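Here is how the chains run, residue by residue.
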Amino acid sequence: EADKEYSECTSELLNSVDNYALLHLDISWCYLCLRNPAQIPDAERRLRLCEQSFHKSYGPNLERLMAIKGATGNEAALFMRLHLMQGIVLFHQNKRNEARQLFERVQSELSGLKLDDDKICLLLELGYTNAEARLGLRAARGNIEEAEELICRKRREKDLAREKNRVQLKNERERIKLGLCADGQQYCEPSLVDKLVKMGFNHSQSVQALKMSNNVVSEAVSIIHDQPHLLASSSRAPSEESIAQVASLGIEPELAREALEKCPELERAVKSLSSMSQSPQASEALAAASASAMSFLENFHKKRKAKMEKEKQAFERVSEGLIDNDLTDDHLDVSLAQEEQFLMEYLSLLN
């Protein structure tokens, strides 16, 4: 499925990221693990595309990667796996000399990527995870002090990303709470509301003016100064949707409209209905309708609150997963045991 979706992307986009290369590398690795010789032509094609993409993303000698991340040790493991599979493809194409040359190169790369078990144990004793220890040591080329510094930096980056995500989530909830602007496309921006409040305008006016001006501060200020009647009108005129909501509770539409004009919030509107002067019979009926309405609203609010909390938790889980994927580099955490096993197997076949 991912392969199909990537095929819809432009070549410019595919050349700017390494995900596409990793997809080809992973599919080719699956072919190898399944020992499926029928897929060798497809594997050859994918490995060629992978190499081209790696060179464009990282640089032919990983110079772009070094400039961005300051280390190349972990990505070097991907190149080692690429070269290993390229050698295996050459072997099955009966190009034994070329295969041998690549396998010798892989041997050298693999030797440089192997880690000292004692250093891994030391980092584990310091409280770091196995993955952190491997990635840190490989990025630091085995230097344990540099590895610990890299691990700590990565943790700080993750903490900052989580905090940034928390603030973004809070702002998004606030936008939804404030409601849509007049264009129906964007939500009222909380930061702009705060800006107007700091300028001396009250919160309610600021929200209404920003909604009417589609978040254009200068226009919102002009509305508050020059056309305050629009804000009053806006606050008194209930929407047809709000009227329909109250009317759906069994209350006369005109009565619902009057209540909503007095207090726009649905809960307050229903409460206001019971205090309006009517005949005793109507008052009793209205009191019963109000009680029923309030019961409905309470249940509605409970369900809405539960739904919002569920959506919030889901969003936080997804966001946390994205942060972890972006900063943990799980795809680079390989033990190299399988790679070494395949290398030894094919070297023995060459001898």
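If you're wondering where the values come from, they're calculated on a predicted model, not measured in any experiment. (Residues numbered from 1 in each chain as written. Predicted model: local features only at pLDDT ≥ 70, side-chain atom pairs only at ≥ 80, totals over all residues. Heavy atoms only, no water.)

## Description of the overall build of the chain
Move 1: When its secondary structure is counted, the chain shows 19 helices and zero strands.
Move 2: Residue pairs in contact within the chain that sit at least 24 positions apart in sequence constitute 54% of those at least 6 positions apart.
Move 3: For the chain, the accessible area works out to roughly 21,000 Å², and carbon and sulfur atoms hold 51% of it. (Helix = DSSP H or I, 4+ residues; strand = E, 2+ residues; numbered from the N terminus. Contact = heavy atoms within 4.5 Å. Areas by Shrake-Rupley, 256 points an atom, 1.4 Å probe, with all protein chains shown as cover.)

## Points about the pattern of salt bridges
Move 1: Scanning the model with the defined rule gives eleven salt bridges in all.
Move 2: In this structure, arginine 35 and glutamate 345 form a salt bridge, with 2.9 Å as the shortest nitrogen-oxygen distance. Of this pair, arginine 35 sits in the loop between helix H3 (19–33) and helix H4 (40–58) while glutamate 345 sits in helix H19 (residues 337–350), and the two are 310 residues apart along the sequence.
Move 3: The salt bridge involving arginine 175 is made with glutamate 189; its shortest N-O contact spans 3.0 Å. Placement of the pair is arginine 175 in helix H10 (residues 144–178) and glutamate 189 in the loop between H10 and helix H11 (190–198), with a sequence separation of 14 residues. Glutamate 189 shares its class with arginine 175; the two are buried.
Move 4: Salt bridges linked by common partners bring Asp42, Arg45 and Arg46 together as one network. (Salt bridge = Lys/Arg side-chain N within 4 Å of Asp/Glu carboxyl O. Buried < 20%, exposed > 50% of the residue type's maximum accessible area, 1.4 Å probe, protein only.)

## Concerning the packing of aromatic side chains
The geometry of an aromatic ring pair comes down to the distance between the two centres and the angle between the two planes.
Move 1: This model, assessed by the stated rule, comprises four aromatic pairs.
Move 2: Seen from their ring centres, tryptophan 29 and phenylalanine 342 are 5.6 Å apart, and the 85 degrees between their planes marks the pair as edge-to-face. Taken together, the residues tryptophan 29 in helix H3 and phenylalanine 342 in helix H19 connect sequence positions 313 residues apart. For the pair shown, tryptophan 29 and phenylalanine 342 are each scored as buried.
Move 3: A connected cluster of aromatic rings, assembled from ring pairs, spans Phe91, Phe103 and Tyr346.
Move 4: A cation sits over an aromatic face here: arginine 81 above tryptophan 29, 4.0 Å from the ring centre. (Phe/Tyr/Trp six-rings, centres within 6.5 Å; stacked < 30°, edge-to-face > 60°. Lys NZ or Arg CZ within 6 Å of the ring centre and 35° of its normal.)

## Let's talk about the packing of H11 against helix H12 (residues 203–212)
Move 1: Two elements in contact, H11 and H12, have axes whose closest approach is 9 Å; the angle formed by their N-to-C orientations is 130 degrees. Regarding the angle of H11 to H12, the classification is oblique. The two elements H11 and H12 meet at a crossing, and its hand is right-handed. Here Leu192, Val193, Leu196 and Val197 of H11 lie close against H12, whose contacting residues are His203, Ser206, Val207 and Leu210. (Axes fitted to C-alpha atoms, helices over the stretch in contact; angles between N-to-C directions. Parallel < 35°, antiparallel > 145°, perpendicular 65-115°, else oblique. Left-handed = near helix turned anticlockwise from the far one by under 90°.)

## Some words on helix H13 (residues 217–226)
Move 1: Val217, Ala220, Val221, Ile223 and Ile224 are the residues of H13 that are buried. Along the axis of H13, the buried residues cluster in a sector spanning 160 degrees; they form a single face. Exposed and facing more than 90 degrees away from the buried side of H13 are Ser218, His225 and Asp226. (Arc of directions from axis to C-beta.)

## Some words on unusual backbone geometry
Move 1: Its identity as a non-glycine residue notwithstanding, arginine 35 has a phi of 50 degrees, on the positive side.
Move 2: For arginine 35, a relative accessible area of 46% gives the class partly exposed.
Move 3: Positive phi values are uncommon outside glycine, yet arginine 141 reaches one of about 55 degrees.
Move 4: Position of arginine 141 among the secondary structure elements: in the loop between helix H9 (130–139) and H10.
Move 5: A relative accessible area of 56% means that arginine 141 is categorised as exposed.

## With respect to the nonpolar core
Inside soluble globular proteins, nonpolar side chains tend to come together where they are buried.
Move 1: Formed by 39 residues in total, the largest nonpolar core has its most connected members in Leu25, Phe54, Leu84 and Phe103.
Move 2: With twelve residues, helix H6 (residues 73–92) is the largest single contributor of residues to this core.
Move 3: Apart from the residues lying within four places of it in its own chain, the contact partners of phenylalanine 54 are Ala21, Leu22, Leu25, Gly59, Leu78, Phe79 and Leu82.
Move 4: Within the second largest apolar cluster, 15 residues are counted, among which are Val193, Leu196, Phe201 and Val207. (Core = buried A, V, L, I, M, F, W, Y, C linked by side-chain atoms within 4.5 Å.)

## Topic: the confidence of the model for the chain
Move 1: Per-residue pLDDT for the chain averages 76, and the proportion of residues at 70 or more is 63%.
Move 2: Overall, residues 12–17 carries pLDDT values under 50, and its contacts beyond four positions in sequence, including any with other chains, amount to nine contacts. (pLDDT = per-residue confidence, 0-100.)

## So, the side chain of arginine 81
Move 1: Examined against the element boundaries, arginine 81 turns out to sit in helix H6.
Move 2: A distance of 2.6 Å separates polar atoms of two side chains, one belonging to arginine 81 and the other to glutamate 339.
Move 3: With residues up to four places along the chain from it excluded, the contact list for arginine 81 reads Leu25, Asp26, Trp29, Val334 and Glu339. (Polar contact = N/O pair within 3.5 Å; in protein donor to acceptor, adjacent residues only side chain to side chain.)

## Brief notes about H12
Move 1: For H12, every residue scored as buried is listed here: Ser206, Val207, Gln208, Ala209 and Leu210.
Move 2: One or two residues past the end of H12 sits asparagine 214, with phi positive at roughly 55 degrees.

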